[in-house]
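# Structural overview
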Amino acid sequence: MNNELPNKQLVADSFSHAAAHYDDVAVLQRQTADELLERLSLVSIQPNRIVDLGAGTGRNLSLLAKRYPKAQLVAVDIAPAMLQQARQVYQQNLGLKRWFPNSNKPIYLAGDAEALPLADNSVDLIFANLSLQWCDPRTSFAEISRVLRPDGLIMFTSLGPDTLTELRQAWASVDDYPHVNMFYDMHDIGTAMMDAGLANPVLDTDRYTLTYDSSMVLMKDLKILGARNVNTARRRGLTGKKSIQAVANKYETFRRDGVLPATYEVIFGHAWAGQKIMNSNEIHISVDQIQGRKS
Ligand SMILES: C[S@@+](CC[C@H](N)C(=O)[O-])C[C@H]1O[C@@H](n2cnc3c(N)ncnc32)[C@H](O)[C@@H]1O
């Protein structure tokens, strides 16, 4: 694993800046979240506390609340403006129910997946849709493992290295700077999960292709999403019009059936909390490990 780590403040600022309009263009994010929720429906669990990690504008919070009405929900995100947006969206989705005294009100925590503001062994389910690709998998999965209760489950999606391959290739024909974020591959993620002590990790990848009329629209959408280039070796300063035009020209070579493809390699994964030492006399082993449960 030798990907350069993104600058955290840049990631937080970029997503905070994106919060207001993120939902207008988050097509892939909705699609992968729905698929992740579908996969979650195959697992029989009754979580008491659920963390939506990198909750963004909170669309998935309402869906998780609907599925697990008794659970306490915690939204964690590095971008404070995303959490504000999530709070508003959640209130709107509750409608009149928001006035009921027992309505399930999530807790909103600004924090980093690599240093979770959560106690050890305190969470039953972590749901993370397209947020972990901004993190070092070794640190984030160690944190996930730390906060999961013995029977806890992490379900996530992330992005693999083939993501935005067309844009990456188009930029490579223009200069040598990294213009598209680098992503860890499934094997690095699997190793990080095992090293973190998570049990029975399962990983697979799927390719999604979004189509665009022009590469300018794609680049604009990425900006609206907050998915800025945060590589430390990125080119600083404004990118010239000539370079952007050269990228657009190169991207045209990918045009098929009248549209430009943008490939996303989506990694789906889940794992259970591993063996947990709760105090010096007790070792907790997840039910999954005892029963050899498969989901
Ligand atoms: C592509 S959005 C996905 C949002 C949401 N999960 C969804 O499905 O729409 C990625 C989110 O992860 C958050 N994020 C990025 N790095 C993070 C980190 N290190 N810790 C916590 N959240 C992070 C961003 O602020 C952003 O809200």
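Fair warning: this is a prediction, and the values are worked out from it, not measured in the lab. (Residues numbered from 1 in each chain as written. Predicted model: local features only at pLDDT ≥ 70, side-chain atom pairs only at ≥ 80, totals over all residues.)

### Describing the overall build of the chain
Note the threshold: Starting at the N terminus, helices and strands are each numbered in turn, a helix being any DSSP run of H or I of at least four residues and a strand any DSSP run of E of at least two. Exposed residues have 12 or fewer other C-beta atoms within 10 Å of their own C-beta, buried residues have 20 or more, and residues in between are partly exposed; the C-beta atoms are placed from the backbone. Any two residues are considered in contact once their C-beta atoms, placed from the backbone, lie within 7 Å.
Broken down by element type, the chain carries eleven helices and nine strands. Scored against the burial criterion, the 295 residues of the chain give a buried share of 40%. The long-range share in the chain, meaning contacts at least 24 apart out of those at least 6 apart in sequence, stands at 82%.

### As for the packing of helix α4 (residues 59-67) against helix α5 (residues 80-94)
Two packed helices can be described by the angle between their axes and the distance between those axes. Rule in force here: Here, axes are lines fitted to C-alpha atoms. For helices the fit covers the stretch in contact, and angles between N-to-C directions go from 0 to 180 degrees. Should an angle fall under 35 degrees it is called roughly parallel, over 145 degrees roughly antiparallel, and 65 to 115 degrees roughly perpendicular, with every other angle called oblique. Handedness of each helix crossing follows the sense of rotation of the near helix against the far helix: counterclockwise by less than a right angle gives left-handed, clockwise gives right-handed.
Relative orientation of the contacting elements α4 and α5 amounts to 45°, with a least axis distance of 8 Å. Classified by the angle their axes make, α4 and α5 are oblique. By crossing handedness, the relation of α4 to α5 is classed as right-handed. Contacts between α4 and α5 involve R59, L61 and S62 from the former and A86, V89, Y90 and N93 from the latter.

### Details of the nonpolar core
Test applied: In these notes, a nonpolar core means any group of buried Ala, Val, Leu, Ile, Met, Phe, Trp, Tyr and Cys residues linked to one another through C-beta atoms within 7 Å.
Counting residues in each nonpolar core, the largest one holds 63 residues, and the members touching the most others are A75, I126 and I154. The greatest single-element share of this core, amounting to six residues, is contributed by strand β5 (residues 148-159). Those residues in contact with A75, other than ones at most four positions away along the chain, are D52, A55, G58, L61, L83, A86, P106, Y108 and L109. Membership of the second largest hydrophobic core comes to ten residues, among which are L164, W171, V247 and Y251.

### Describing the environment of D204
You can see D204 is positioned in strand β6 (residues 199-212). Sequence spacing of D204 and G269 is 65 residues, and the spatial spacing of their C-alpha atoms is 6.6 Å.

### A closer look at the sheet that holds strand β2 (residues 72-77)
To keep things clear, this is the line we draw: The pairing criterion for strands is at least two bridges between them, as found by DSSP.
One open sheet accounts for seven strands, arranged β3-β2-β1-β4-β5-β7-β6; its pairing is mixed. Only two strands of the sheet have a single neighbouring strand rather than two, namely β3 (107-110) and β6. Sheet twist, expressed as the mean angle between neighbouring strand axes with direction ignored, is 15°. Where strand β4 (residues 123-129) and β5 come together, six bridges link them in parallel fashion. Note on β5: the bridge partner recorded for A128 is F156.

### Observations concerning the site of the ligand
We apply this condition: Note on definitions: a residue is near a molecule or strand provided its C-beta atom, placed from the backbone, lies within 6 Å of it.
Looking at the ligand, there are 23 residues lining it, with F15, G54, G56, S131 and W134 nearest. At the level of secondary structure, the elements contributing two or more residues to the shell around the ligand comprise α1 (8-18), α3 (27-40), α4 and β2.

### Brief notes about the packing of helix α7 (residues 165-172) against helix α10 (residues 241-251)
Going by this rule: Polarity classes work like this: nonpolar for Ala, Val, Leu, Ile, Met, Phe, Trp, Tyr, Cys and Pro, charged for Asp, Glu, Lys and Arg, and polar for all others, with Gly in that last group.
Axis separation between α7 and α10 bottoms out at 8 Å; the angle between their running directions is 125°. What the angle tells us is that α7 and α10 run oblique. With respect to the hand of their crossing, α7 and α10 are arranged in right-handed fashion. On α10, the residues touching E166, L167, A170 and W171 of α7 are V247, K250 and Y251. The class makeup of the residues in the contact of α7 with α10 is five nonpolar, no polar and two charged.

### Digging into helix α6 (residues 137-147)
Where α6 is concerned, the buried positions are P137, S140, F141, E143, I144, S145 and V147. Buried residues along α6 sit in contact with β4, β5 and α8 (186-195).

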